[in-house]
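Here's the letter readout for the chains.
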Amino acid sequence: MTIRIFTIKPNLNLKKILILLVICSIAFLFAQTGEIVENASIAETETVSEIIPFSYNSATNKLIYQAEGVYKEFPGWFSLLPPLVAIILALAFKEVHIALIAGIFIGVFTINGLQIKEIVPTLMHIIDTYIPQSIAWVSDGELQTGHLSIILFSVLIGGMVHVISENGGMQGIVEKVSKLSTSARRTQLATVLMGCLIFFDDYANTLVVGNTMRPLTDKFKISREKLAYIVDSTAAPVAAIAFITTWIGFQLTEIEKGIHGQNLIEINESAYGLFLGSLKYAFYPIFTLFFILILIYTKKDFGAMLKAEQKALNEDFSAQKKEEKKYVSHWLNAAIPILTLIGTVIAGLIITGSSPEIVQNSTSFVAMLRDILSNADSYVALLWASFLACIVAVVLTIVQRRTNVQDSVGFMIEGFKSMVPAVVILILAWTLALVIEHLHTATYISSLIPQQFNMLWLPTIFFIFSALISFATGSSWNTMAVMYPICLPIIIKLGVELDGTEHIELMMPVILNTISVILAASVFGDHCSPISDTTILSSLSSGCDHISHVNTQLPYALTVGIVSLLCGGVLFALGVPWYLLYAIGFAIIIGVVAFWGRKVES
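Every value quoted in this text rests on a predicted model; they were computed, and no experiment measured them.

## Quick look at the overall build of the protein chain
When its secondary structure is counted, the protein chain shows 27 helices and 9 strands. The burial tally for the protein chain puts 56% of its 602 residues in the buried class. Pairs at least 24 apart in sequence give 77% of the contacts found in the protein chain among residues at least 6 apart. Approximately 25500 Å² of the protein chain is accessible, and the part contributed by carbon and sulfur atoms is 64%.

Spelled out as structure tokens, the structure:
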């Protein structure tokens, strides 16, 4: 079986080169707009790293370059240029590598003061500072290796998948599942079910479901784009709203900062209680799952996805099937490594998160499990799981004498190599995210949120800004880290200023909806962004071209996002009860699919 991977196409023609030169020229022109000031006030500025002569003045929303005794101010919207350049180029030319590099260059060039003499140092800073620090960095005196763990996890998963593909186990599990998945509809439903069952981590969900179901979706001529969409749209939404996941600890920490960080008012509810209460407003995750099911049930698609499905239906897989059938072994050769992966992740989360204090202080089993997962090191659990699964796959192959030791190790190494193009995109996306962080892009966008506003309309505003930040940065978690501490105190401050004793009752629905809205919009913007790591991993595991995945998923994500904004924002502000909002949203989604959707023609 051949694993389909990304292909780097260095087919830059003269037109594209000229456009890149124009973008660089515009950056040079922007340099002339920088205002040199003699005594810039640095007391009110915020900086994120000691390695850069760059800061953000929150009082004036200006970017400040400080080096060699020169203080230069730039408009805050300059921080939007790198992500915009990267996203526009990626979507326009379908070359995500060049787009990310262009965005990184413009960002670092801006950080260096937009000076022509800094062109060469900018290139050097990209390779000697930003790329290494995007992979591993020091925070609070500790080395942070989360991104490095994701790289190793992805590479090891690639090795495992290639081994079980070559020894026939993957085709064996396809033959087994085929007895139940007797049609394209059932296969897609099985993919959704797997995405919901592996709810505890979005990375594990994405890589396991995509790689496992790809041969089966190929058999029923389901497009790789459709598989990537289902994988992407069940991973983060399920992980975001499930009670016990690797997300929950981070989510609760940020909610706690927003609710109790400024001590504006006493709210007795715990962060976890607020999270559970907010789930009734989780419109985007729930609408996304409902939207997928409606598409599958009606067998309809629209937009770029309809074209992808049409193309897949007309493709000839007969030659591929004949080749794969030569290498069929027992389905357990694939199932055992995959179950090892899932089981070890769960065990690893429990091992790394357990402590005597948690066991003694927990009031119930559910509370104990929640606290354990909140305290767990998910990266360590993922590394243990992928490493052990890879070993199990190789050992099974050798013990059954499918191949010798040398060939089995060779299969594993080939699997490692297959992940290199995706890892390159991940590293470039993380590098751009680091540049965006240093440019204070999220801070600038959040500064545009009005401080005085009708409280009931705030979730609408928060949804829009959270989606913009997530889309620009490609990170759900970074968006939550920025928005929760900013938005929740705004609501509380407005509630404190109200007269009477019932202000907490007035605030609570808005607080709960805001908690859900920020989470939902973070996932929504992440789904739309071509520089998102989970979007990249979904493309990778499904064997789909990354830009094709973005182009086909974007109309679907926008559809659900608009319905979610309407229900969770506008209609909520107008006083419609939450249970009616779901009924309205479901009806709109059914109507959209019925009106715009078309069945693929044989």
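## Looking at the packing of aromatic side chains
Tallied over the entire structure, the rule returns 19 aromatic pairs. Ring geometry for Trp 77 versus Phe 78: centroids 4.7 Å apart, planes at 70 degrees, classification edge-to-face. A centroid spacing of 5.1 Å and a plane angle of 70 degrees characterise the contact between Tyr 229 and Tyr 556, whose relative ring orientation is edge-to-face. Remark: Tyr 556 occurs in helix H26 (residues 546-573) and Tyr 229 occurs in helix H9 (residues 224-241); sequence separation between them is 327 residues. Judged on exposure class, the residue Tyr 229 and its partner Tyr 556 are both buried. Within the aromatic cluster, the residues linked to one another by ring pairs are Tyr 281, Phe 283, Phe 287, Phe 290, Phe 572, Trp 578, Tyr 579, Tyr 582 and Phe 586.

## Some details on helix H8 (residues 202-219)
Over its 18 residues, H8 runs 26 Å from end to end, which matches the ideal 26 Å to within 8%, given 1.5 Å per residue. Of all the bends found along H8, the most pronounced is centred on Met 213 and spans about 40 degrees, while Pro 215, a proline, follows it within four residues. Most of H8 is tucked away: 17 of the 18 residues are buried. A positive phi of about 55 degrees marks Lys 221, the residue just after H8.

## Some details on the confidence of the model for the protein chain
Of all residues in the protein chain, 80% have pLDDT values of 70 or greater, and the mean over the chain is 78. Note on residues 1-12: pLDDT under 50 across the span, and 31 contacts to partners over four residues away in sequence or across chains. Across residues 36-51, where pLDDT falls below 50, the model places 35 contacts with residues more than four positions away in sequence or in other chains.

## Points about the environment of Ile 198
If you trace the backbone, Ile 198 turns up in the loop between helix H7 (184-197) and H8. Here the alpha-carbon distance between Ile 198 and Ala 239, two residues 41 residues apart in the chain, equals 8.6 Å.

## Let's talk about the side chain of Thr 559
Mapping Thr 559 onto the fold places it in helix H26. With a relative accessible area of 17%, Thr 559 lands in the buried category. A polar contact is formed between the side chain of Thr 559 and the backbone oxygen of Pro 555, at a distance of 2.7 Å.

## Structural notes on the pattern of salt bridges
Enumeration over the complete set of coordinates arrives at 3 salt bridges. Arg 224 is the salt-bridge partner of Asp 218, the closest N and O atoms lying 2.6 Å from each other. Judged by its relative accessible area of 6%, Asp 218 falls in the buried class. Between Asp 301 and Lys 226 there is a salt bridge whose closest N-O contact spans 3.2 Å. Residue Asp 301 is found in strand E8 (residues 300-301), and its partner Lys 226 is found in helix H9; the two are separated by 75 residues along the sequence. Residues Asp 301 and Lys 226 agree in their burial class; the two are buried.

## Things to note about the environment of Ala 240
Considering the arrangement of structural elements, one finds Ala 240 in helix H9. For Ala 240, a relative accessible area of 0% puts it in the buried group. Residues Ala 240 and Leu 279, spaced 39 residues apart in sequence, show a C-alpha to C-alpha distance of 9.9 Å.

## Observations regarding helix H19 (residues 405-418)
Given a rise of 1.5 Å per residue, 14 residues ought to cover 20 Å, and the 20 Å separating the end C-alpha atoms of H19 matches this to within 8%. Within H19 the residues assigned to the buried category are Ser 408, Phe 411, Met 412, Gly 415 and Ser 418. What you see down the axis of H19 is that its buried residues fit within an arc of 115 degrees, all on one side.

## Some points on the side chain of Ser 408
Of note, Ser 408 is situated in helix H19. In this structure Ser 408 touches Val 163, Val 394, Thr 397, Ile 398 and Thr 403, once residues within four positions along its chain are discounted.

## A closer look at the environment of Thr 298
With respect to the helices and strands, the residue Thr 298 is situated in helix H12 (residues 283-298). In contact with Thr 298, not counting residues within four places along its chain, are Val 593 and Lys 599.

## Considerations on a nonpolar patch on the surface
Together, Val 120, Leu 123, Met 124 and Ile 127 give the surface a local cluster of nonpolar side chains, amounting to about 380 Å² of exposed area. Along the chain, the position of Val 120 falls in helix H4 (residues 119-135). You can call Val 120 exposed: its relative accessible area is 55%.

## Quick look at the packing of H9 against H12
Packing of H9 against H12 leaves a shortest axis separation of 9 Å and a crossing angle of 150 degrees. Between H9 and H12, the angle falls in the class roughly antiparallel. Seen along the crossing, H9 lies across H12 with a hand that is left-handed. Contact with H9, carried on its side by Tyr 229, Ile 230, Ser 233, Thr 234, Pro 237, Val 238 and Ile 241, involves Pro 285, Ile 286, Thr 288, Leu 289, Phe 291, Ile 292 and Leu 295 of H12 and no other residues of that element.

## A look at the packing of H8 against H9
Interaxial distance between H8 and H9 falls to 9 Å at its minimum, and their mutual angle equals 155 degrees. Classified by the interaxial angle, the pair formed by H8 and H9 is roughly antiparallel. Our pair here, H8 against H9, has a crossing hand that is right-handed. Residue-level contacts link Asp 202, Asn 205, Thr 206, Val 209, Gly 210, Met 213, Arg 214, Thr 217 and Asp 218 of H8 to Arg 224, Leu 227, Val 231, Thr 234, Ala 235, Ala 236 and Ala 239 of H9.

The rules behind each value
- Residues numbered from 1 in each chain as written.
- Predicted model: local features only at pLDDT ≥ 70, side-chain atom pairs only at ≥ 80, totals over all residues.
- Heavy atoms only, no water.
- Helix = DSSP H or I, 4+ residues; strand = E, 2+ residues; numbered from the N terminus.
- Buried < 20%, exposed > 50% of the residue type's maximum accessible area, 1.4 Å probe, protein only.
- Contact = heavy atoms within 4.5 Å.
- Areas by Shrake-Rupley, 256 points an atom, 1.4 Å probe, with all protein chains shown as cover.
- Phe/Tyr/Trp six-rings, centres within 6.5 Å; stacked < 30°, edge-to-face > 60°.
- Expected span 1.5 Å × (residues − 1).
- Bend = angle between axes of the 7 residues up to and from the residue.
- pLDDT = per-residue confidence, 0-100.
- Polar contact = N/O pair within 3.5 Å; in protein donor to acceptor, adjacent residues only side chain to side chain.
- Salt bridge = Lys/Arg side-chain N within 4 Å of Asp/Glu carboxyl O.
- Arc of directions from axis to C-beta.
- Patch = residues over 30% accessible without salt bridge, like charges linked within 9 Å, V, L, I, M, F, W, Y side chains within 5 Å.
- Axes fitted to C-alpha atoms, helices over the stretch in contact; angles between N-to-C directions.
- Parallel < 35°, antiparallel > 145°, perpendicular 65-115°, else oblique.
- Left-handed = near helix turned anticlockwise from the far one by under 90°.

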